[in-house]
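# Examination of the molecular architecture
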Amino acid sequence: MELALGGIAAVGAGFFTNPLEVVKIRMQLQGELQSRGKYAVHYRNVLHAAYTIGSKDGIFALQKGLAPALCYQFVMNGTRLGLYDWLHKRGMTKNRNGDLSFFRCAIVASLSGALGAAVGSPLFLVTFGFLSSRSPYYILRLTSVL
C-alpha cells in the first residue's frame, strides 16, 4: 500500500514540476558539444527559457514528456518509499532493544533509495529524451542506438 501511495504522491508533484524539468534540461543542453563561446545562447535565464519554449514550441511544450516523467516518478519513489516501509515493518530499523537505530535507519534508507534509483533509471533515460528534443521521433532514434 505504501508503494502505491508514495508513487501517487510523486505523480502529483511531478505534474507541477515537469515544466521546470523541461526548462532545466533545455538550458543544460544549449550549446552542448560546442566549444565555449561558439554557440548561440537561446535562453538567458529560467523565466526567459520558459517564455521562449512556450512561445516557440507552444504552451504544451512545457509539459513535454509528462507521461514518462510521471511513470518514472511513480516507479522510483514508489519503490523507494514502499521498500523502506516494508523493511521498517519487518524490524530492520530497530536495534536489539526495539528502539529505532539511527545507523540502521540510514542503511535501510540508503538501500531503498539506491534500489529506487536503479529501477527508475531506464525511465529517466526515456524522460530525458522526450524533454530534450523537439522531435517526436527522438525515442525511436534512442532505442535504435540501445
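One numbering rule holds for all chains: residues counted from 1, following each sequence as written. Under the rules for a predicted model, residues below a pLDDT of 70 receive no local features and side-chain atom pairs below 80 are neither given nor counted, while totals for whole chains, interfaces and linings still include all residues. With hydrogens and water excluded, all non-hydrogen atoms of the structure serve as input to the side-chain values.

Each helix and strand in the protein was counted, giving five helices and zero strands. Every helix listed is a DSSP run of H or I at least four residues long, and every strand listed is a run of E at least two residues long, numbered separately from the N terminus. The order of helices and strands in the protein, counted from the N terminus, is α-α-α-α-α. With a 1.4 Å probe rolled over the protein chains alone, any residue whose accessible area is under 20% of its type maximum counts as buried; one over 50% counts as exposed, and the rest are partly exposed. Per-residue burial over the protein gives 32% buried out of 146 residues. Residues count as neighbours in contact if any of their non-hydrogen atoms are within 4.5 Å of one another. Across the protein, contacts joining residues at least 24 apart in sequence account for 65% of those joining residues at least 6 apart. Each accessible area value is a Shrake-Rupley result obtained with a 1.4 Å probe; residue values ignore everything except the protein chains displayed when judging cover. Entry remark: accessible area of the protein is about 9600 Å², with carbon and sulfur atoms responsible for 66%.

A cluster of nonpolar residues, Leu 3, Ile 8 and Phe 74, forms a patch on the protein surface that exposes about 270 Å² of accessible area. Along the polypeptide, Phe 74 turns up in helix α3 (residues 66-89). Only residues whose relative accessible area exceeds 30% and that take part in no salt bridge are eligible for patches, with like-charged residues grouped when within 9 Å of each other and nonpolar side chains (Val, Leu, Ile, Met, Phe, Trp, Tyr) grouped when within 5 Å. Whenever Lys or Arg places a side-chain nitrogen within 4 Å of a carboxyl oxygen from Asp or Glu, that contact is recorded as a salt bridge.

This part is about the side chain of Ser 112. Note on placement: Ser 112 falls in helix α4 (residues 102-132). The buried category is assigned to Ser 112, whose relative accessible area is 0%. Ignoring any residue separated from it by four or fewer positions in sequence, one finds Ser 112 in contact with Arg 80, Leu 83, Tyr 84 and Leu 87.

To continue, consider the packing of aromatic side chains. Any pair of Phe, Tyr and Trp rings, taking the six-membered ring for Trp, is counted once the centres come within 6.5 Å. Such a pair is stacked with planes under 30 degrees apart, edge-to-face with planes over 60 apart, and tilted for the rest. Tallying each qualifying case throughout the model produces two aromatic pairs. A ring pair is formed by Phe 15 and Phe 16, whose centres lie 5.4 Å apart and whose planes are at 85°; its orientation type is edge-to-face. The exposure class of Phe 15 is partly exposed, given its relative accessible area of 40%. Its relative accessible area of 64% is what places Phe 16 among the exposed residues. Ring plane angle 50° and centroid distance 5.4 Å describe the contact between Tyr 72 and Phe 124, whose orientation is recorded as tilted. Taken together, the residues Tyr 72 in helix α3 and Phe 124 in helix α4 connect sequence positions 52 residues apart.

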